[in-house]
Amino acid sequence: MNFDPQPIDIAESLKNWGIIFGVLLTLGLSIGFLLSAILNTKDGISRYFVGLGEGMQDTFGMSCRRIGAIVRLTVKESVRRKALLVFVVFAILFMFGGWFLSNVNERDELQLGVYVSFVLKAISWLVLPVALLLSCWSIPEDIRLRSLHTVVTKPVRRSEIVVGRVLGFSVIGSLIVGIMSGLGYIWILRQVPPTVGDKLIARVPVYGKLSFLDRQGLDAKSGVNTGDINEFRSYIEGASKARAIWRFEGLSDDALRTNPENQQPELLIENNFQAFRTHKGEINQVLNYQLTLVNDAKKLRVALPSFPVQEFGENLRWIPRELSYYDEEAQASKQVDLFDLVDEDGKLTMEIACVDAGQFLGMAQPDMFVRLPDRSFASTFFKSALGIWMMMALIIVLGVTASTFVKGPVATLLTFTLVLFGAPAHGFLNDLVSGKVKRGGLIESGIGILTHANPNVDSQAGGTGITKGVDRAMSGFVWGVSHLVPDFSQFRYTEYSARGFDVPMKSAILPGVFLLLGFLLPCFLLAYFSLKLRELEAK
Amino acid sequence: MSSKAVIEIRNLTKIYRDFWGRPKVRAVNSLSMDVLEGEVFGLLGPNGSGKTTTIKMLLGLLFPTEGEIRILGKPATDVSKNEEIGYLPEESYLYRFLNAEETLDFYGRLFNMPADERRRRTDSLIKMVGLDKARRRQLKEYSKGMTRRIGLAQALINNPKLVLLDEPTSGLDPIGTREMKDLILKLRDEGKTVVMCSHLLADVQDVCDRIAILYNGELKQLGKVSELLTSQDRTKIVSTSLPDAAIEEIKAVIAKYNGTTEEVSHPTNSLEELFLKTVAESQQRPGQRVVQPR
C-alpha cells in the first residue's frame, strides 16, 4: 500500500458536494413533481406542494423527546436482541491472539505494528457487521411485524423515526467501539514486549513537496524507474547531478525538539530511502546520501555531511540550530542559523543526492519528513478508533436509508456492496475521469476496439467533435457517480497507528468527517421521503 | 352524542394496483359517511369488505386513490391529528422485547408527555387493564389476551378524543370481552368517540350507537343500531310467567286484530350472561361444583 497522505482541499470538496447535491435535489424535485402530476390527475400539483410543506415541517419540527424515545427503543432492542454478544467473540480473540502474534525474529517496530493492526482490525471486523445488520434489518422488520404501525399512528414524524434509528444504532455502536478500543489499548500496553515500549509513540510528520532533477541537473517529472512495476518510488542516480528536492512549508521554532544526546533544540528529519544497486559494491558498506539545505532567495546552500542509509532500520537525522558550512564564493567556513535558511512563511528546501557512484536511491514524497515533537500512542490509537466509529456511523446511515425503501436482505446486500466495493470503485471511476485510464472515453474506446487500436496509447485520430463531446458529457456523469459511491478508505487510519504515526487532521480526519457529513443530509432526505411516501400497509 | 362530525369521509376510493400500476382490486368504492362526536360507531362487513382498509386510510397507513378524509378537522396525512387519536390494531403489534411499563413509557414519550404524567398514566392504565402483576414481564411472554390488554392501554395512553379499535374483543375470554365492552361504554360516557370494526356482531350490537355495513368496498347500511334492527312489522310482548289460559286469551286478542301468534316461549339468557353468572358465583363459593350424573 502506498502511504502518501494528501491534505483535503475543503473549498473544492464543498464545491463538489454542492454541485452533486444540487443536481440530485433538482432531479428529485422534478421527478416528484412530474409523478405527482401524472398519478394524481385531479390535484397532483397541489398535493406535491402540500407534501413539500409537510416535509419542511417534519424536518424542522422534530421533537427531541420523541427522537430520544426512539433512540432508547433502538438501544434496548439491540441489547435485548443480544447485539452485545459481540464482546464474547472479542474476548476470545484477545485471550488467545497474543499466542499467534509474537514473533521474535521480527523487528521490534514491525512487531508492534502487528499488534496495533490486529486490535484495530479486530474491532472493525466485529463492529461493522453488527452495525450493518442492525441498521439494515430494523425498519423492514418493524414494517413486517407492523410494530411501526403503532408508532406512526402516534404524532411521530417519519423524520424522527429516521433520525432516532440512526442515533440509536450510533449510540450502541459507540458503546461497543468505545469499550473495545479501551480494552484493546490496555491489551496492547500489556502485550507488547518491554523492549518495544518506547516505540509506542505517535510521530507527527511535516511532509514536503517532492520534485526531481535528472542526471544533468535539469528539472524532471520524476526520477529513474529501475524496473519496479510499482511506480510509487522513483530513483536518483549516485554521483551525478540527480537530486530529489523537498520543499517544506510552515516550519517554525515549534518544529524543534530536544536532541537527547546534547539536550539542544534541533530539527529532526526522518527518511526511509530505498537502495537499488547496479553493482554489489562493498558488501558491508551501506549507501550514503547527502542533504543540502537551500535558500535560493539568500543564495545560501548548506551542505551537511553525508549520512548512511539504513535500509532495514530507523533513519533519523538531527539538524542543529547552528550550522557550519563552507562558502565556496568566499572560500571560507561560515556559521548560519538554521532558521536563516527558512523563509518568512516557513519554507525550507532540502536537496538529497546519492553519494555512491553507480547506485540509486529510491524515494517518494512521504519518504522524508520533518518530525515534530511526538504525541502519545493513545492519541493515534484513539484517532484510529475514531475512524472506525465514523465508518460505522456511515454504514448505519446508509443501512437505515436503504432499509426505508427495500427489505432487510436487499438493504444488507446493497450496503455491504457499497462498503466492500466503494473504495475500489471510487478509485477506478476517479481514474476514468482524471484520464489516468487511457482511452477512457466510452465512444473513443468503442472506436478503438473496432479499429483494433492500441489500448495503451491515446487516440491518434483525436476523434470528432461529437465523440469528444459525448465522452466529455459521459465523463461528467461518471464524475458524479464516483462521488455518490462513498470512499470508505478515507476512514482507514489503522496504517498510521500501526506505523507509529499520528493520524493527521487535514489529510485523514477532516476528509473522513467531511465524507460522513456529506452523506448525512442527502441520506436523511432520501430516507425521510421514502418512508413518508411509502404506504406501510401496501399489498 | 352531538351532531359534530369527528370523522368526515367523502367519496373515498382505494384501488390496489399491481407492479405495473394496473388496477387490481377496488377495496373501497366511493365511501361517504360521518362519525359523530361522542358516539360508538361500528364498522361491519365480511372479510374483504374494505373495513380495515378504511381504518388504515383514516390512520394514514394507506393513501386514498380518490376522495377526502378529515379527522378532527384535519387531513388524514396530518401527523398532528394523532395527538388526539388512540389506535388498537387488529393484532397487538407492539415491541415484544419491552415489558408493559416500558411499552407505555415509550408510547407516552411519543406523545411528548412529561415524566410525571407518563408514570401516572402508565400506572393507572396497567391497573385498569389488569396487568399489574405482569407489568415487568416482556410482552413476548404474554398470552394473546394479555397482549390485547396492553394494546388497549397503549391506545389510551394519551387520553384520546377518538379511539379506533380494530377487532377489540379478538383473543379475549368472555370476562375480558365483557370488560372491553364495559370500557368502550365508559369511554363513550366520558365523551370520547369510539370507532370499532368487528366480526362479532353481538359485541357490536351491545355497544354501538350507530353502525355502517360494508360489502365489496361499498356502504350498504348506515344508521342507528336501534333503528336498523327494529322490525316495524312485528310486535314483541314480554311479561312475567302466565298460566296457559291467559296465553290462550292473548292469542285470541291477537287473532281478533288480524295478527298471527308466531311463538310463545320462555325467553333464554345469552350464553355470555350464563358464563359471567357462573364465574361470579364460583368466585363467591369456590367449593361448589356440578357432579355429572352416572
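Residues numbered from 1 in each chain as written. Chains lettered and ligands numbered in written order. Predicted model: local features only at pLDDT ≥ 70, side-chain atom pairs only at ≥ 80, totals over all residues.

### A short note on the overall build of chain A
Reasoning step 1: Of regular secondary structure, chain A possesses 13 helices and 17 strands.
Reasoning step 2: Along the longest, intermediate and shortest principal axes, the C-alpha atoms of chain A span 95 × 65 × 45 Å.
Reasoning step 3: A burial count over chain A gives 33% of its 539 residues as buried. (Helix = DSSP H or I, 4+ residues; strand = E, 2+ residues; numbered from the N terminus. Buried ≥ 20, exposed ≤ 12 C-beta atoms within 10 Å, placed from the backbone.)

### Considering the overall build of chain B
Reasoning step 1: A tally of helices and strands in chain B yields nine helices and 10 strands.
Reasoning step 2: Taking the principal axes of the C-alpha coordinates as reference, chain B spans close to 70 × 55 × 40 Å.
Reasoning step 3: A buried classification covers 38% of the 294 residues belonging to chain B.
Reasoning step 4: When contacts within chain B are restricted to residue pairs at least 6 apart in sequence, long-range pairs at least 24 apart make up 67% of them. (Contact = placed C-beta atoms within 7 Å.)

### Looking at the interface of chain B and chain A
Reasoning step 1: Each side of the interface is counted separately: chain B has 25 residues, and chain A has 25 residues.
Reasoning step 2: Sorting the residues of the side of chain B that touches chain A by element identifies β6 (85-88) and α2 (100-110) of chain B as the ones contributing at least two each.
Reasoning step 3: Counting residues per element, the side of chain B that touches chain A draws most heavily on α2(B), which supplies four residues.
Reasoning step 4: The residue inventory of the side of chain B that touches chain A, partitioned by class, reads 18 nonpolar, four polar and three charged. (Nonpolar A, V, L, I, M, F, W, Y, C, P; charged D, E, K, R; others polar.)

### With respect to the sheet that holds strand β4 (residues 234-237) of chain A
Residues and elements named next belong to chain A.
Reasoning step 1: Within the open sheet, the three strands sit side by side as β4-β16-β8. Their pairing is antiparallel. Where the open sheet ends on each side, the last strands, each with one partner, are β4 and β8 (274-277). Adjacent strand axes in the sheet meet at a mean angle of 30 degrees when their direction is disregarded. (Pairing = 2+ DSSP bridges. Axes fitted to C-alpha atoms, helices over the stretch in contact; angles between N-to-C directions.)

### Re the packing of α2(B) against helix α3 (residues 115-128) of chain B
Residue and element names in this part refer to chain B.
Reasoning step 1: Following both chains from N to C, one finds α2 and α3 inclined at 135 degrees, their axes separated by 9 Å at the closest point. One finds that α2 runs oblique with respect to α3. For the pair α2 and α3, the sense of crossing is right-handed. Taken together, the residues of α3 that come into contact with α2 (itself represented by Ala 100, Glu 101, Leu 104, Asp 105, Gly 108 and Arg 109) are Arg 118, Arg 121, Thr 122, Leu 125 and Ile 126.
Reasoning step 2: Among the residues forming the contact of α2 with α3, the class breakdown is four nonpolar, two polar and five charged. (Parallel < 35°, antiparallel > 145°, perpendicular 65-115°, else oblique. Left-handed = near helix turned anticlockwise from the far one by under 90°.)

### Re the confidence of the model for chain B
Reasoning step 1: With 97% of its residues at a pLDDT of at least 70, chain B reaches an overall mean of 87.
Reasoning step 2: Note on the complex model: pTM 0.85, ipTM 0.81. (pLDDT = per-residue confidence, 0-100.)

### Here's the deal with helix α8 (residues 244-256) of chain B
Reasoning step 1: Here α8(B) is 13 residues long and its end C-alpha atoms lie 18 Å apart, about the 18 Å a rise of 1.5 Å per residue gives.
Reasoning step 2: Two residues or fewer after α8(B) comes Asn258(B), characterised by a positive phi angle close to 65 degrees. (Expected span 1.5 Å × (residues − 1).)

### Notes on the nonpolar core
Reasoning step 1: Counting 132 residues, the largest nonpolar core has Ala131(A), Met392(A), Ile395(A) and Leu164(B) as the members making the most contacts within it.
Reasoning step 2: If sequence neighbours within four positions are ignored, Ala131(A) has contacts with Phe169(A), Gly173(A), Met392(A), Ile395(A) and Ile396(A).
Reasoning step 3: Counting 37 residues, the second-largest nonpolar core is a separate cluster that includes Ala242(A), Phe248(A), Leu267(A) and Leu361(A). (Core = buried A, V, L, I, M, F, W, Y, C linked by C-beta atoms within 7 Å.)

### Let's talk about the sheet that holds strand β1 (residues 5-17) of chain B
Residue and element names in this part refer to chain B.
Reasoning step 1: Spatial strand order, β2-β1-β4-β5: four strands in an open sheet with antiparallel pairing. The sheet is open, and its two borders are formed by β2 (23-36) and β5 (74-75), each paired with just one other strand.
Reasoning step 2: Pairing of strand β4 (residues 66-71) with β5 involves two bridges; the strand directions are antiparallel. Considered in β5, the bridge of Ile 71 is made with Lys 74.

### Looking at the environment of Ile237(B)
Reasoning step 1: As for its position among the elements, Ile237(B) is in the loop between α7 (225-229) and α8.
Reasoning step 2: Residues Ile237(B) and Arg119(B), spaced 118 residues apart in sequence, show a C-alpha to C-alpha distance of 53 Å.

### Examining unusual backbone geometry
Reasoning step 1: At Lys299(A), a residue that is not glycine, the phi angle is positive and equals roughly 50 degrees.
Reasoning step 2: With respect to the helices, strands and loops of the structure, Lys299(A) is situated in the loop between β9 (288-295) and β10 (300-303).
Reasoning step 3: Looking at Lys299(A), the number of C-beta atoms within 10 Å reads 8, which means it is exposed.
Reasoning step 4: Positive phi, normally seen in glycine, also occurs at Glu167(B), with a value near 50 degrees.
Reasoning step 5: Overall, the presence of 20 C-beta atoms within 10 Å leaves Glu167(B) in the buried class.

### Re the environment of Ala153(B)
All names here are of chain B.
Reasoning step 1: For Ala 153, the position within the fold is in helix α4 (residues 144-155).
Reasoning step 2: Judged by the 26 C-beta atoms lying within 10 Å of it, Ala 153 is buried.
Reasoning step 3: Linking Ala 153 and Arg 121, residues 32 residues apart in sequence, is a C-alpha distance of 9.4 Å.
Reasoning step 4: In contact with Ala 153, not counting residues within four places along its chain, are Leu 104, Leu 125, Ile 126 and Val 129.

### Side note on the confidence of the model for chain A
Reasoning step 1: Averaged over every residue, the pLDDT of chain A is 87; residues scoring 70 or more account for 95%.
Reasoning step 2: Across chain A, helix α8 (residues 377-403) of chain A holds the top mean pLDDT of 96, while helix α4 (residues 86-101) of chain A sits lowest at 78.

### Quick look at the packing of α8(A) against helix α9 (residues 408-434) of chain A
Residue and element names in this part refer to chain A.
Reasoning step 1: Axis separation between α8 and α9 bottoms out at 9 Å; the angle between their running directions is 145 degrees. Seen along the crossing, α8 lies across α9 with a hand that is right-handed. Taking contact as the criterion, the partners of Ile 395, Leu 398, Gly 399, Ala 402 and Ser 403 in α8 are, on α9, Gly 408, Ala 411, Leu 414, Thr 415, Leu 418 and Val 419.

### A few points about helix α3 (residues 64-80) of chain A
Residue and element names in this part refer to chain A.
Reasoning step 1: Over its 17 residues, α3 extends 24 Å from the first C-alpha to the last, a length consistent with the 24 Å expected when each residue adds 1.5 Å.
Reasoning step 2: Listed in full, the buried residues belonging to α3 are Arg 66, Ile 67, Ala 69, Ile 70, Val 71, Leu 73, Thr 74, Glu 77 and Ser 78.
Reasoning step 3: With its phi angle positive at about 70 degrees, Lys 82 sits one or two positions after the end of α3.

### A closer look at the environment of Leu24(A)
Reasoning step 1: Its place among the elements puts Leu24(A) in helix α1 (residues 10-39).
Reasoning step 2: On the neighbour-count criterion, Leu24(A) (15 C-beta atoms within 10 Å) is partly exposed.

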